Amino acid sequence: MLSTIRASSSAVARRAAFTSTTQTAGRRLFTNSAIRAAAAQESSSAAAAPIKKSGGSNWLTITGLTMLAATSGYYLFSPVDAKPTAAKEAPVTVAAKKQEAPKPAAKTPEIIAAENKAALQDTTVIFVLGGPGAGKGTQCANLVRDFGFVHLSAGDLLREEQQRPGSQYGELIKTYIREGRIVPMEVTIALLENAMLASGQKRFLIDGFPRKMDQAMKFEETVVPSKFTLYFECPEEVMLKRLMKRGETSGRADDNIESIKKRFRVFTETSYPVIEHYKKDGKVHTVSCVDAPDAVYAKVKGIFTNLFKDQK
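Residues numbered from 1 in each chain as written. Predicted model: local features only at pLDDT ≥ 70, side-chain atom pairs only at ≥ 80, totals over all residues. Heavy atoms only, no water.

A. Quick peek at the nonpolar core. Counting 33 residues, the largest nonpolar core has Val125, Met196, Ile206, Phe209 and Phe219 as its most contacted members. Secondary structure elements with two or more residues in this core: β6 (124-130), β7 (150-153), α7 (154-163), α8 (170-178), α9 (185-199), β8 (203-207), α10 (213-222) and α12 (257-280). The element best represented in this core is α9, accounting for seven residues. Core analysis: the second largest hydrophobic core is formed by 24 residues, Leu205, Leu230, Ile260 and Ile303 among them. (Core = buried A, V, L, I, M, F, W, Y, C linked by side-chain atoms within 4.5 Å. Buried < 20%, exposed > 50% of the residue type's maximum accessible area, 1.4 Å probe, protein only. Helix = DSSP H or I, 4+ residues; strand = E, 2+ residues; numbered from the N terminus.)

Dropping the structure here:
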């Protein structure tokens, strides 16, 4: 590094220094040794008239050398003889720093769950329950047409998921459905929540769910509370007759006598307690399904007209 070197401002000294320069990459360089030689030459010829000191010193600093070079058209110093000064990297500008802003951190499952719950606020959810073959799907289709609800069948979502290529739950769902058992609630609730978010709507009929009390509690805790439960009441012998008839054309793996009987037993043991629980809170509307579908819907429509008469 250029520190301080004794030098003169006379033209003789400057010419001597610049005569000893080298040119590198199109730039004229002068070295410490050249400046020292010029200073020595000038000192010997002007001993009687020393350089006037400025601020108590006649030592020329890096600032002085810069000024000296500027007056003669030379602008690059070499701190070491015959070794040109390396160019410095350009400073990073404010704009460049803004462009290199760090990427946001990935969202945690807890943050995603909170965002989903917020998105489903002010949502109306009605649980639609009834034994297998009670006619839930037919009545839900009528309500979609007349009241603008979105119909989500837990069974249909599970069957679609088991057929989806690459599904991690496909084989598990297939086994549970074939054996007439209840699919783990985490899977069913996740499928329902995703379908609700994807629809962008605010009114939902959830058909065939919850089938157990813990499913009901978990759904209302993590997704949204239900408004009420619509329970389609139907004797087993009527439902059995309907399911056997449907099995002739449905192609469903669970439309056989063995699976149907298992489903009846599961509904009685696990799903009906959910209905009893909500009855205690006054949140169940019961409709008999023995009559023809149109007659059943007349009763259902009356309930919904009364409850949603002030809503579009």
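Still to come is the rest of the account.
B. Up close: the UniProt feature "binding site: ATP" (unreviewed entry) in the protein chain. As recorded in UniProt, the feature "binding site: ATP" (unreviewed entry) lies at Gly133, Ala134, Gly135, Lys136, Gly137, Thr138, Arg246 and Asp291. Tracing the backbone through its elements, the reader meets Gly137 in helix α6 (residues 136-147). The class for Gly137 is partly exposed, based on a relative accessible area of 34%. Residues within four places of Gly137 in sequence aside, it is in contact with His151 and Asp207. On the secondary structure map, Thr138 appears in helix α6. By relative accessible area, Thr138 is classed as partly exposed at 44%. (UniProt positions renumbered as here; feature names shortened; annotations may be inferred. Contact = heavy atoms within 4.5 Å.)

C. Representation of the pattern of salt bridges in the model. Taken as a whole and assessed by the stated rule, the structure comprises eight salt bridges. Between Arg181 and Glu179 there is a salt bridge, with its nearest N and O atoms 2.8 Å apart. (Salt bridge = Lys/Arg side-chain N within 4 Å of Asp/Glu carboxyl O.)

D. Spatial organisation of the UniProt feature "binding site: a ribonucleoside 5'-phosphate" (unreviewed entry) in the protein chain. Using the residue numbers shown here, the UniProt feature "binding site: a ribonucleoside 5'-phosphate" (unreviewed entry) corresponds to Arg159, Arg181, Ile182, Val183, Gly208, Phe209, Pro210, Arg211, Gln215, Arg252 and Arg263. Within the element layout of this structure, Arg159 appears in helix α7. Excluding anything up to four places from it in sequence, Arg159 contacts Ile177, Arg252 and Asp254. Relative to the helices and strands, Arg181 resides in the loop between α8 and α9. Contact partners of Arg181, with chain neighbours within four places excluded, come to Thr175 and Tyr176.

E. Molecular detail of helix α11 (residues 236-250). Taking 1.5 Å per residue, 15 residues should reach 21 Å; α11 reaches 20 Å between its end C-alpha atoms and fits that length. Gly251 occupies a position one or two residues after α11 and carries a positive phi of about 75°. (Expected span 1.5 Å × (residues − 1).)

F. Looking closely at the packing of aromatic side chains. The final tally for this structure, using the stated rule, is 10 aromatic pairs. Note on Phe147 and Phe304: the rings are 5.7 Å apart at their centroids and 50° apart in plane angle, and the pair reads as tilted. Note that Phe147 is positioned in helix α6 and Phe304 in helix α13 (residues 293-307), a separation of 157 residues in sequence. A single burial state applies to Phe147 and to Phe304, both of which are buried. (Phe/Tyr/Trp six-rings, centres within 6.5 Å; stacked < 30°, edge-to-face > 60°.)

G. View of the side chain of Ser271. Along the polypeptide, Ser271 turns up in helix α12. Since its relative accessible area comes to 2%, Ser271 is described here as buried. When sequence neighbours within four positions are dropped, the list of residues in contact with Ser271 reads Arg211 and Val266.

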